[in-house]
Amino acid sequence: MSTVPVTLVGERRRRATRRRSVLGLLAALVAIAFAASLMIGHTLYGPVDVVRVILGQDVPGASFTVGDLRVPRASLGLLAGLAFGIGGVTFQTMLRNPLAAPDVIGISSGASAAGVFGIVVLGLSGLAVSLVAVAAALGVALLIYVLAWRDGVLGSRLVLIGIGIAAMLDSVVSWVLVRASQWDLQTAMRWLTGSLNAASWELVVPLLAVVLLVVPVLLAQSRPLELLQLGDDAAAALGVRVERTRLVVIVAAVLLIACATAAAGPIAFVAFLSGPVAARIVGPGASLLVPAGLVGALVVLVADQIGQWALGTRYPVGVVTGALGAPFLVYLLARTHRFGGSL
Amino acid sequence: MSLPGRAGRTTWLFVALAALAVAALLSVALGVRAVGWSDIVAGLSGDHDTVGAAAVAKRVPRTALAVLVGGSLGLAGAVMQGVTRNPLADPALLGVTSGSALAVVCGIAFFGLAAPSSYLAVAILGAAAAAVLVHAIGSLGRGGPTTLKLALAGAACTAAFSSMVSAVLLPRIDVMNEFRFWQIGGVGGADWHRIGMVAPLVLTALVVCMGAARGLDALALGDDAAAGLGVHVGRTRLLAGLAAIVLCGSATAVAGPIGFVGLVVPHLCRLLVGSAHRWLLPLSLLVGAALLTLADVLGRVVARPAELDVGIVTAVLGAPFFIALVRRAAVRAL
C-alpha cells in the first residue's frame, strides 16, 4: 500500500522537473529568436556588432539598421506575442473553453474597430490610438459579459454573443477601411491582420509598461484562476473570492490584448493558439500563463522572420500566423469536439 | 400565440408583398439626390432628360438587385435553418459567404478572372466547399452538429478564410483595391447584365426549395420520424442544401457578403405564419427582399451625402437581433 504515495510524489516531482526544463527550453528559444531577429536582415550583422549597438557604441550602418529598426521591431514582436499569449490563455482558462479566445469572442475586434476609427476618422496617432483601443476593448468585454448574464454567465452563451458582436464590429472595420484613402490602405490593413512594420519606440514603450504592470497581477491570480476551473461554488469553498478574481482577471487580460492590438494590430490566431500549444508542451496540472506567453512571443518572432524573408513578398506577420494557424485551428476544433472542452 | 389560419397566412403574404412594393418605391424615390414626383415618373418611363430623372433611372437596377439579393438571402436562411435544424444558421455566420469571398479572390488573383460572370461560378463553388467544411467540422464528436459547435466552426473558418484572403491580397494592391469594395456587401454598382445572369439561378433554386418544403417540414421532426413519413431524408437535405448554397453563393457573387438577413428574416416570418415551410419559404423570400431594400434605402439616407453600404446596415441592425435570440434560447439547446 505504501508504494502508491511514493509513486504519486515521484510523478509530481517528475512533472515539475519536466515543466521546469520545458520552460527553460522555451525561454531559450525565445531568446534565440529575438537575437536572430536582430542579426538577420538585408545586411547580416554578427553578434558582436549587435551587442555593441545595444551598449550604445557607434557602429557604422548597424547603429541605424539594428538600433533604430530591428530592436524596436523585435521588441514589439516579443511583447505583443507575450501579451497575446497570456491574455488569450487567461480567457480560455476562465471560460473553460479553448475556443473562447479573445479574437473569436470580439475583444480584439473591439480594439481593432476603435483603432481604425481613431486613425482614419478622428486622425489620432500614437498613444491616443492605444487609449481609444483599450477603452473600446474594455467596453466590448463589459458589454458581452452583461449581455451574457442571465442567472449567471454561461460559457457557451458568452461565446455566441461574442461571435455576434465580432461580426458587427468587423463590418465596421471594413466600412472604415473603404473610406480610407488608397494611401492609407496599406497602413490600415495592419488593423485587419496585424503587422510589425510600423514598429517604433513610441509603440513599444507603452506596451512594455502595460506588460510589466499587468503580467505580475495576472501571475498573482494564477492559482485562483486555476481553482475557478472547478466551478464557481467549488472555488468559493476553497477560499477564492470568485467575482473579485474574475473582475481582476478580465480587466488585466483585456488590457494586455487591447494594448498589443493597438501597437501591432490583431495578429491572427496568436491569442487563440498559444494556450492550446502550451498545454500540449507543458502537460496537465500547471498554470499555463507563462508557457503560453513564451509560445506567443516565439510564434510572433519566428512568423515575422518567415514573413519578411522566406517568401517572395514581404508579408506582415499576421498573414503568416493566419496561414500557419488555420490548419491547427481545424485540428483543435475537431479534437475539442471529440474529447470535450479542456485545453 | 395562436397561429393564423390559411386566410391569415395569405393576408401576411399580401402584406409582405405590399411592404416590398413600398420598399421598392422608396428605394427609387430616396437617395443622395432629392427628386420630385415628376422626376420619378419621368425616370421610370425611360426619360433621362433631367438630372433627377437620370438619378431615378440609375436607382432602378439597384433596387432590382436589392430585391433579388434580399429574397435569395432570406430564402437561403430559412432553408438552411430547416436543413440543419439550427435556429442560428445564417450564411454569413456559418462561413459560407467568406468561403465564396476567398474563392473569388483566388480566382481574380491566380486565374485572372475579370468578368463578373466568371465570379458567379467560382463564388458558388467556394460557398459549397465552405458549407461542407464547416458542417463537417461542426458535426465532429458527440451530439452531431449542435448550434454552438456549428457557430464556432463557422466563426473559426471565417477567421481562417479572411486571413487567407489577406495573404492573397496584400502583395496585389490592384486586386485589393477592387476587392475591398466588394467585401463589405453592397448593391451600389448594379447593372441589368449582372441581374440577368443571377436571376435564372435564383429562380431555379426557388423552385427546388419550394419543392422541398414538405420534406423540410418532416425533417423538423427528426431524421427517423421523417423517414417514417416516407421522406427521403438524405435526398431532401442534399437538394435543399444545394439550393440554399446556390442562392447565397449567387447573392454573394453579385453583392458581396451580406450578413444577418438570412438569420433574422426566417425568425420574423416564423412568428407570423408558423413553421410550415410552404408558407415560411415564400414569406421569407418576400420579407428578405423588402428588408434588404429598406436597409439599402436607410444606408443611403442616414449618411448623406455619403452612402452606408447595405452590408454594414444589416450587420449593425442584425447583430442585436442575433444576441437577443441567443439570450432567449434555452440553455440546453446551446
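Residues numbered from 1 in each chain as written. Chains lettered and ligands numbered in written order. Predicted model: local features only at pLDDT ≥ 70, side-chain atom pairs only at ≥ 80, totals over all residues. Heavy atoms only, no water.

Peer 1: Can you help me understand the nonpolar core in this one?
Peer 2: What tends to happen in soluble globular proteins is that the nonpolar side chains get buried as a cluster. Judged by nonpolar contacts, the single largest core of 209 residues is most densely connected at A:Leu207, A:Phe272, B:Val69 and B:Val79. Discounting residues that sit within four places of it in the chain, B:Val79 has contacts with B:Cys209, B:Leu216, B:Ala240, B:Ala244 and B:Leu281. (Core = buried A, V, L, I, M, F, W, Y, C linked by side-chain atoms within 4.5 Å. Buried < 20%, exposed > 50% of the residue type's maximum accessible area, 1.4 Å probe, protein only. Contact = heavy atoms within 4.5 Å.)

Peer 1: It is not clear to me how the pattern of salt bridges should be interpreted in this structure. Could you clarify?
Peer 2: Opposite charge on two side chains permits pairing when their charged atoms draw close. Residues and elements named next belong to chain B. This structure, assessed with the given rule, holds 5 salt bridges over all chains. Where Arg62 meets Asp296, a salt bridge forms, and the shortest distance between an N and an O atom there is 2.9 Å. Here the residue Arg62 occupies a position in helix α3 (residues 51-84), and Asp296 occupies one in helix α13 (residues 277-302), the gap between them amounting to 234 residues. Classification of Asp296 by relative accessible area gives buried; the value is 1%. (Salt bridge = Lys/Arg side-chain N within 4 Å of Asp/Glu carboxyl O. Helix = DSSP H or I, 4+ residues; strand = E, 2+ residues; numbered from the N terminus.)

Peer 1: Mind showing me how you'd approach helix α11 (residues 242-264) of chain A here?
Peer 2: Two residues of an α-helix separated by three or four positions point the same way, owing to the 3.6 residues in each turn. All names here are of chain A. With 23 residues, α11 should reach 33 Å at 1.5 Å per residue; the first-to-last C-alpha distance of 33 Å fits that figure. The buried fraction of α11 is high, at 17 of 23 residues. One or two positions beyond α11, positive phi appears at Gly265, with a value near 80°. (Expected span 1.5 Å × (residues − 1).)

Peer 1: Before we go on, may I ask you to explain the packing of aromatic side chains in this structure?
Peer 2: Geometrically, a pair of aromatic rings is defined through the distance of the ring centres and the angle of the planes. Taken as a whole, this structure holds 2 aromatic pairs over all chains when the rule is applied. Between the aromatic rings of A:Phe269 and A:Phe272, the centroid separation amounts to 6.1 Å while the plane-to-plane angle is 45°, which identifies the pairing as tilted. Exposure class is identical for A:Phe269 and A:Phe272. Each is buried. Aromatic pair B:Phe260 and B:Phe322: ring centres 6.3 Å apart, planes at 65°, arrangement edge-to-face. Remark: B:Phe322 occurs in helix α14 (residues 310-328) and B:Phe260 occurs in the loop between α11 (233-255) and α12 (261-273); sequence separation between them is 62 residues. Grouping residues by exposure puts B:Phe260 and B:Phe322 together as buried. (Phe/Tyr/Trp six-rings, centres within 6.5 Å; stacked < 30°, edge-to-face > 60°.)

Peer 1: So what exactly am I meant to see when it comes to the environment of B:Val96 here?
Peer 2: All names here are of chain B. Assignment of secondary structure puts Val96 in helix α4 (residues 96-110). Considered as a pair, Val96 and Gly259 are 163 residues apart in the sequence and their alpha carbons are 10 Å apart. Val96 has contacts with Met80, Pro91, Ala127, Ala130, Ala131 and Cys248, leaving out every residue within four places of it along the chain.

Peer 1: I tried to follow a nonpolar patch on the surface on my own but got confused; where do I start?
Peer 2: All names here are of chain B. Nonpolar side chains collect at one region of the surface, where Val22, Leu26, Leu30, Leu294 and Val301 lie side by side and expose about 340 Å² of accessible area between them. Looking at the nonpolar patch, the elements with two or more residues in it are α1 (6-29) and α13. With respect to the secondary-structure elements, Leu30 resides in the loop between α1 and α2 (37-44). Residue Leu30 is classed as partly exposed on the basis of its relative accessible area of 31%. (Patch = residues over 30% accessible without salt bridge, like charges linked within 9 Å, V, L, I, M, F, W, Y side chains within 5 Å. Areas by Shrake-Rupley, 256 points an atom, 1.4 Å probe, with all protein chains shown as cover.)

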